[in-house]
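Residues per chain are reported as follows:
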Amino acid sequence: MRFQIIKYKSVDSTNNEAIRRIKKGKIKPAIILANLQNKGRGQYGRKWISYKGNIFMTIYFNINKNMSIKSLSKKVYLTLKKSLEKFVNEKITIKLPNDLLIKGYKVCGILQETINYNNNKFFIVGIGINLTKSPKITNKQVSFLQKYNNNKIKKADIFKKIKKNFEIIARI
């Protein structure tokens, strides 16, 4: 499956943009990228702090109504972990329900949602990656990918790797 690429300078939330697109009938599988989110959101309605230079994206595609969301969610985590490990010199671990960590520090947040539209079910995966800077969050250990690589990590390289790996799992 090939994804359509949609780029924005700024959006409220890439997941919100995906939901709007689906509700407008734009149902072709897509990846939404934004340089900035001004109302990014995380699990349980929490705010996702978005710093310029980091990665904000949402991937959405149609799924079979009977598909196990739990199984698909697991594939999402493993695919992102595999994608990001290519860019760092450390092991990445998964902290359910929505975090990827390096040495116990959050470097990536994942927000998975489903929406029904016109008798179709869509899977929406919001991905926020702290690439160059991490927010200061009370009671959370947060870091960024570039800290774990001696060479400059290019956003485009991470995006290409994630896109390629998601095109494989979205075939399900």
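Below or above, wherever it landed, is the structure these notes cover.

About the cut-offs
Sequence order as written defines residue numbering, which begins from 1 separately in each chain. Where totals are concerned, whole chains, interfaces and linings use all residues; where local detail is concerned, this predicted model gives features only for residues with pLDDT of at least 70, and gives and counts side-chain atom pairs only at 80 or more. Calculation of side-chain values draws on the structure's entire complement of heavy atoms; hydrogens and water are dropped beforehand. Side-chain rings of Phe, Tyr and Trp (the six-membered ring for Trp) are treated as a pair once their centres are within 6.5 Å; stacked means planes under 30 degrees apart, edge-to-face means over 60, and tilted covers the remaining angles. Secondary structure elements follow DSSP: runs of H or I of four or more residues count as helices, runs of E of two or more count as strands, with numbering from the N terminus. Relative accessibility under 20% of the residue-type maximum defines a buried residue, over 50% an exposed one, and the middle range a partly exposed one, all with a 1.4 Å probe and only protein chains included. With a 1 Å grid laid over protein atoms only, a set of points is called a cavity when a 1.4 Å probe fits there but cannot get out and a pocket when it is open yet has protein on both sides within 12 Å along at least five of seven lines; lining residues have an atom within 4 Å of a point. Grid points are joined across faces, edges and corners, and a volume is the space filled by probe spheres set on the points. Whenever Lys or Arg places a side-chain nitrogen within 4 Å of a carboxyl oxygen from Asp or Glu, that contact is recorded as a salt bridge.

**Notes on the packing of aromatic side chains**
Describing an aromatic ring pair means giving the distance of the ring centres and the angle of the ring planes.
Right, on to step 1. Counted under the stated rule, the structure contains two aromatic pairs.
Right, on to step 2. The interplanar angle of 65 degrees and the centroid separation of 6.2 Å between the aromatic rings of Phe3 and Phe61 together place this pair among those described as edge-to-face. Taken together, the residues span a long stretch of sequence, with Phe3 in the segment before β1 (4–11) and Phe61 in strand β3 (residues 55–63) at a distance of 58 residues.
Right, on to step 3. Assessed through its relative accessible area of 6%, Phe3 is described here as buried.
Right, on to step 4. Residue Phe61 is classed as buried on the basis of its relative accessible area, which comes to 1%.

**Topic: the layout of surface pockets**
Right, on to step 1. What the second largest pocket holds in volume is close to 280 Å³.
Right, on to step 2. Ser73, Tyr77, Leu96, Pro97 and Gln112 are, among the 14 residues lining the second largest pocket, the residues nearest its centre.
Right, on to step 3. Only α2 (69–85) and β6 (105–117) provide two or more residues apiece to the lining of the second largest pocket.
Right, on to step 4. Counting residues per element, the lining of the second largest pocket draws most heavily on α2, at six residues.

**Concerning the pattern of salt bridges**
If the charged atoms of two oppositely charged side chains come close together, the side chains can form a pair.
Right, on to step 1. This model, assessed by the stated rule, comprises eight salt bridges.
Right, on to step 2. With a shortest N-O distance of 2.9 Å, Asp12 and Arg20 are connected by a salt bridge.
Right, on to step 3. Note on Asp12: relative accessible area 22%, which makes it partly exposed.
Right, on to step 4. Look at Arg20 and you get partly exposed, because its relative accessible area is 34%.
Right, on to step 5. Its salt-bridge partner being Lys106, residue Asp99 comes within 2.8 Å of it at the nearest N-O pair. In this structure, Asp99 and Lys106 share a single accessibility class: buried.
Right, on to step 6. Within this structure, Lys95, Asp99, Lys106 and Lys140 form a network of salt bridges that share partners.

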